[in-house]
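# Summary of the model geometry
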Amino acid sequence: MENTSSRLVVGLLAVLLLSSFSVFAQSEWKVEDAKSKMSNPIQADDASLKEGKALFKTNCITCHGDPGKNNGLPLVPKPSDMANAAFLSANSDGAVFTKMTDGRITMPSFKAVLSEKERWKIVNYIRSFDENKKVASTVTAVKKEGQTLGVPYQLSLNYNPEESSLVAFVRGTLTDGNLAPASDVEVGFFVKRYFGDLPIGDRGGVTDENGMIKAAIPTDLPGGEEGKALAFAKLNDVDTYGDVSAKTEVSVKAVEIINLMDERSLWTVSVMAPWWLIFTYFGILIGVWGTLGYVVTLLFKLKKAGV
Ligand code: HEC
């Protein structure tokens, strides 16, 4: 008896625990507007980035994994990869700082562990994985040095699932061998289809002064049962820039594939015949046997009558 009731208690607790986890797992982690708008008081210079990186290594890497490698611990909710483009665009510096300060469930609060300055340095380090921000600092550096760009050119393609858009980022090689954003480069965007490539985005669009160009992905493109498609971008002027392209998987509209063998039909071998056929078949069967039976009873009657 005792055993049963203690099992019941354990069971109930497990259910409660699980349901509370799933409630948290589903709710998005929002940060108040005012806190989200806080700006980082610490300059993102080499020294602060270095310190931020070291602090991240000792305090965060165990759960969040190496930025960009998506190798965090499989907790629920999952600790985001800090270099994830969707995470970086959804979270301002203030939001990252606040989440780190407050914590939530399995994500510990670092308010008492790290000073404010240390927390902001970690924010700088995390932000250094944001392509959009990184570009801004490289551009000023290039302008200062006044060098020229040339081959080889590089293209990276980022997919933003919330906006359903692609951002291509083009860089060329400076005289000193470093990479810098390349503006006015014509980029073509495409989605792979069974028969050839479907161009998307503006025709003849060129990169802005940050080396970036954006293209919207039409969300009504059919993409098979899983709603996935392969998108790619390439630099249009092969003679000047070389054959440079990059690809990424994107989400489009999922379509249900109708299989003619799945429903009841005359030609299917895997599923049953249609109802009308079954009824007709048995109808005829009953009719024929019924008539035969009737004839036999008539014959018996004739015999009895002694005809
Ligand atoms: C014990 C594991 C653990 C450690 C250590 C940890 N985190 Fe987290 N972190 C999590 C988990 C789990 C979540 C998801 C929490 C949620 O959504 O409720 C999270 C969420 C976050 C988020 C919000 C992510 C999003 O997508 O909104 C940020 C930002 C963050 N952590 C930063 C940090 C930083 C910076 C450090 C180091 C100073 C750190 N975390 C250390 C487990 C951890």
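Here the structure is a predicted model, which is why all the values come from computation and not from measurement.

## Some thoughts on the coordination of the iron atom of the ligand
- Distances from the iron atom of the ligand to its protein donors, H64 (NE2) and M107 (SD), fall within 2.0 Å.
- Angles of 86 to 179° at the metal separate the 6 donor atoms of the iron atom of the ligand, which places the site in the octahedral class. In this pair, H64 sits in helix α4 (residues 61-64) while M107 sits in the loop between α6 (93-102) and α7 (116-127), placing the two residues 43 residues apart along the sequence.

## Structural notes on the pattern of salt bridges
- For the coordinates displayed, the defined rule picks out 7 salt bridges.
- K121 is the partner of E51 in a salt bridge, and the nearest nitrogen-oxygen pair spans 3.1 Å. Of this pair, E51 sits in helix α3 (residues 46-59) while K121 sits in helix α7, placing them 70 residues apart in sequence.
- A salt bridge links K192 to D197; the shortest N-O distance between them is 3.2 Å.
- Owing to a relative accessible area of 39%, K192 belongs among the partly exposed residues under this scheme.
- Look at D197 and you get partly exposed, because its relative accessible area is 37%.
- Put simply, D93, R127 and D130 are held in one network by salt bridges that share partners.

## Considerations on α3
- Taking 1.5 Å per residue as the helical rise, α3 with its 14 residues ought to reach 20 Å, and the 20 Å between its terminal C-alpha atoms agrees with that figure.
- Residues of α3 that are buried include every one of S48, G52, L55 and F56, and no others. Down the axis of α3, the smallest arc covering the buried residues is 105°, so these residues share one side. Structural note: α3 exposes D46, A47, K50, K57 and T58 on the side pointing more than 90 degrees away from its buried face.
- Residues of α3 that are buried make contact with α4 and α7.

## What about the nonpolar core?
- By size, the foremost hydrophobic cluster in this structure holds 26 residues, and its most contacted members are L155, L166, V170, V187, F189, L235 and V250.
- Among the elements of the structure, β1 (149-160), β2 (165-174), β4 (187-192), β6 (212-216), β7 (228-235) and β8 (245-251) are those that each provide at least two residues to this core.
- Aside from chain neighbours lying at most four places away, what touches V187 is A168, V170, G205, T207, I213, A233, K234, L235 and N236.
- L88, F110, I122 and I126 belong to the second largest nonpolar core, which has 17 residues in total.

## Digging into the site of the ligand
- If you check the shell around the ligand, you find 20 residues, and the closest are C60, C63, H64, S80 and M107.
- Separating an oxygen atom of the ligand from a side-chain N or O atom of K99 is a distance of 2.6 Å.
- Spatially, the ligand is embedded in the largest pocket.
- Contributing elements (two or more residues each) for the shell around the ligand: α4 and α6.
- The element best represented in the shell around the ligand is α6, accounting for 3 residues.
- Looking at the shell around the ligand residue by residue, the class counts come to 14 nonpolar, 4 polar and 2 charged.

## Let's talk about the layout of surface pockets
- Here the largest pocket is characterised by a volume of approximately 1200 Å³.
- Forming the boundary of the largest pocket are 42 residues, of which W29, K78, S80, F87 and K99 lie nearest the centre.
- Contributions of two or more residues to the lining of the largest pocket are made by α3, α4, α5 (85-90), α6 and α7.
- The residue inventory of the lining of the largest pocket, partitioned by class, reads 23 nonpolar, 12 polar and 7 charged.

## As for the side chain of N91
- Along the chain, the position of N91 falls in the loop between α5 and α6.
- The exposure class of N91 is buried, given its relative accessible area of 8%.
- Side chain to side chain, N91 and K99 meet in a polar contact 2.7 Å long.
- Beyond its immediate stretch of four places on either side in the chain, N91 contacts V96, K99 and R127.

Procedures and definitions
Residues numbered from 1 in each chain as written. Predicted model: local features only at pLDDT ≥ 70, side-chain atom pairs only at ≥ 80, totals over all residues. Heavy atoms only, no water. Donors = N, O, S within 2.8 Å, 3.2 Å for Na, K, Ca; no water. Tetrahedral: all angles 85-135°; square planar, octahedral: opposite > 155°, others 65-115°. Helix = DSSP H or I, 4+ residues; strand = E, 2+ residues; numbered from the N terminus. Salt bridge = Lys/Arg side-chain N within 4 Å of Asp/Glu carboxyl O. Buried < 20%, exposed > 50% of the residue type's maximum accessible area, 1.4 Å probe, protein only. Expected span 1.5 Å × (residues − 1). Arc of directions from axis to C-beta. Contact = heavy atoms within 4.5 Å. Core = buried A, V, L, I, M, F, W, Y, C linked by side-chain atoms within 4.5 Å. Near = heavy atom within 4 Å. Polar contact = N/O pair within 3.5 Å; in protein donor to acceptor, adjacent residues only side chain to side chain. 1 Å grid on protein atoms, 1.4 Å probe; cavity = no way out; pocket = protein on both sides within 12 Å on 5 of 7 lines; lining within 4 Å. Sits in = over half its atoms within 2 Å of the grid points. Nonpolar A, V, L, I, M, F, W, Y, C, P; charged D, E, K, R; others polar. Points joined across faces, edges and corners; volume = space filled by probe spheres on them.

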